[in-house]
Amino acid sequence: MRMKKQKRKAATETGVSMVTCTNKLPYMYNIFNNYGRQIIENKELIIILNNDQLSLADWQERSAIYPNITVYQLPESATLGECLNFAAERSQFEVIAKFDDDDFYSRFYVSSALHALRTTKADIIGKSAYHTYLEEDKSLSLRFPNRENAYTTQIAGATLLFRKKVFQRVRFQHISLGEDVAFLRDCRLSHFKIFTTNRYNYVCNRRTDPNLHTWKPSKEYFLSTGILITHTDDYRKFVVQESL
C-alpha cells in the first residue's frame, strides 16, 4: 500500500470528511469537482484507489490543485467495505460523508445535509427520494417522491452522511456489494436514528456503458421505479436548490 503523507488532526473539529472509493480512471475529475464545489469551509477529501492499474502518483499530482485531498491506494483484492473503513479511520473531522465516484453532488449538497444533522435528532442523514439521470436517453426521473424529510430506515448508499461516533461503533462489512445496506442495518440495530432529507442536490448518474458502474441494474429498472421528470441535456437546473 502506498499513500500520500499528510499530517492529520484529531477528529474534534467542525467540518466534513468526504470519502470516495474508485477503481475507474474516467471518474477522476468528477470526484474532484464534486468535492471542490462544496461550499462548506472546513472539508477534506479522502480518495481510495481500488485498482492496481491506477497510478497513485498521477492522482496525487492532479489533486494538488484542490485543498485537503489525500489519496491512498489499496490492493484491488480489498473489498469496498474495507476501503471505506480505511478512509473513515483516517478522517479528521467529526462528520463523514460517503461520495460515490460516478454521481453528481451539487454545491449545496453537504451544507444542506449538515443543516439536517444539526436540526434533527438523527445520527445519519441521506436521501430516500432522489433523482436519476440516464445518459442513454437523457431522461431525468425521480425515485420514491413520497419519502422526504422524515425519519426512515433506509437511504441511498451514495448519500450517507453520519457523525463519526456512528463509525466508532459500526463499521462497513468486508463486502463490495450491499455494504451500504448492511451498514444501515447494523446502525439500526445499534439504535442510531436515520433521517432522509429532500430530493434536491444529488443525482444518481447512469452512463451508457454499464462497465462504468459497480451496481448494474438495467435501464428498464430505473424507468420502471421512477417518475419521469423530463428529457434534458442539463439536469442541474431541475435538481440544484439551496434548500436548508
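Worth saying up front: this structure is predicted, and the values here are computed from it rather than measured.

The rules behind these values
- Counting restarts for each chain: residues are numbered from 1 in the order of the written sequence.
- Given that this is a predicted model, residues contribute local features only at a pLDDT of at least 70 and side-chain atom pairs are listed and counted only at 80 or more, while totals for whole chains, interfaces and linings are drawn from all residues.
- Values shown for side chains rest on all heavy atoms present in the structure; no hydrogens or waters enter the calculation.
- Only strands joined by at least two bridges in the DSSP assignment are considered to pair.
- For the purposes of this entry, the term helix denotes a DSSP run of H or I that reaches at least four residues, the term strand denotes a run of E that reaches at least two, and both are numbered from the N terminus.
- Categorising residues by exposure relies on relative accessible area from a 1.4 Å probe, with only protein chains included: less than 20% of the type maximum marks a residue as buried, more than 50% marks it as exposed, and the intermediate range marks it as partly exposed.
- Here, nonpolar core refers to any group of buried Ala, Val, Leu, Ile, Met, Phe, Trp, Tyr and Cys residues whose side-chain atoms link them within 4.5 Å.
- Scored between 0 and 100, pLDDT is the confidence that the predictor attaches to each residue.
- A contact between two residues is defined here by any heavy atoms of the two lying within 4.5 Å.
- Working definition: rings of Phe, Tyr and Trp (its six-membered ring) pair if their centres are within 6.5 Å, and the pair is stacked with planes under 30 degrees apart, edge-to-face with planes over 60 apart, and tilted otherwise.

Engineer: Before we go on, may I ask you to explain the sheet that holds strand β9 (residues 139-143) in this structure?
Structural biologist: Strand pairs in the sheet, formed through backbone hydrogen bonds, run parallel or antiparallel to each other. Spatial strand order, β6-β13-β8-β9-β14: five strands in an open sheet with mixed pairing. The two strands at the open ends of the sheet, each matched to only one other strand, are β6 (104-105) and β14 (226-231).

Engineer: Is there a simple way to explain the pairing of strand β5 (residues 93-98) in this structure?
Structural biologist: As a general feature of sheets, a regular strand has side chains that alternate between the two faces. With five of six residues buried, β5 lies mostly within the body of the structure. Where β5 lies against strand β11 (residues 161-163), three bridges are found, and the strand directions are antiparallel. Directly across from Ala97, in β11, lies its bridge partner Leu161.

Engineer: Could you clarify how one ought to interpret the nonpolar core in this entry?
Structural biologist: Within soluble globular proteins, side chains that are nonpolar generally end up buried alongside one another. Ranked by size, the top nonpolar core spans 35 residues in total, and within it Val16, Met18, Ile47, Trp59, Ile69, Val110 and Ile125 carry the most contacts. For this core, the secondary-structure elements that each account for two or more residues are β2 (13-22), α1 (28-36), β3 (43-49), α2 (56-63), β4 (69-73), β5, α4 (109-119) and β13 (202-206). Counting 27 residues, the second largest nonpolar core, distinct from the first, contains Tyr72, Ala87, Leu184 and Ile194.

Engineer: Got a minute to help me understand the confidence of the model for the protein in this structure?
Structural biologist: Detailed reading of the predicted coordinates is not advisable wherever pLDDT is low. Mean pLDDT for the protein: 90, with 87% of residues reaching 70 or above. For the stretch residues 2-13, pLDDT sits under 50, and the model shows 34 contacts to residues farther than four places along the chain or on other chains.

Engineer: Where do I start with the packing of aromatic side chains in this structure?
Structural biologist: Note on aromatic pairs: each is described by the distance of the centres and the angle between the planes. Under the definition given, this model contains 16 aromatic pairs. For the pair Phe162 and Phe183, a centre-to-centre distance of 5.2 Å together with 45 degrees between the ring planes defines the contact as tilted. Within this pair, whereas Phe162 is found in strand β11, its partner Phe183 is found in helix α6 (residues 179-189), the two being separated by 21 residues in sequence. Taking the relative accessible area as the measure of exposure, Phe162 reaches 1% and is therefore buried. Ring centres 4.2 Å apart and planes at 15 degrees place the aromatic pair Phe172 and Phe183 in the stacked group.

Engineer: Would you mind showing me how to read the environment of Thr14 here?
Structural biologist: Along the chain, the position of Thr14 falls in strand β2. Separated by 79 residues in sequence, Thr14 and Phe93 place their C-alpha atoms 6.2 Å apart. Discounting chain neighbours no more than four positions away, the residues touching Thr14 are Asn42, Phe93, Glu94 and Arg118.

Engineer: It is not clear to me how the side chain of Gln38 should be interpreted in this structure. Could you clarify?
Structural biologist: The topology assignment puts Gln38 in the loop between α1 and β3. Judged by relative accessible area, Gln38 falls into the buried class, the value being 3%.

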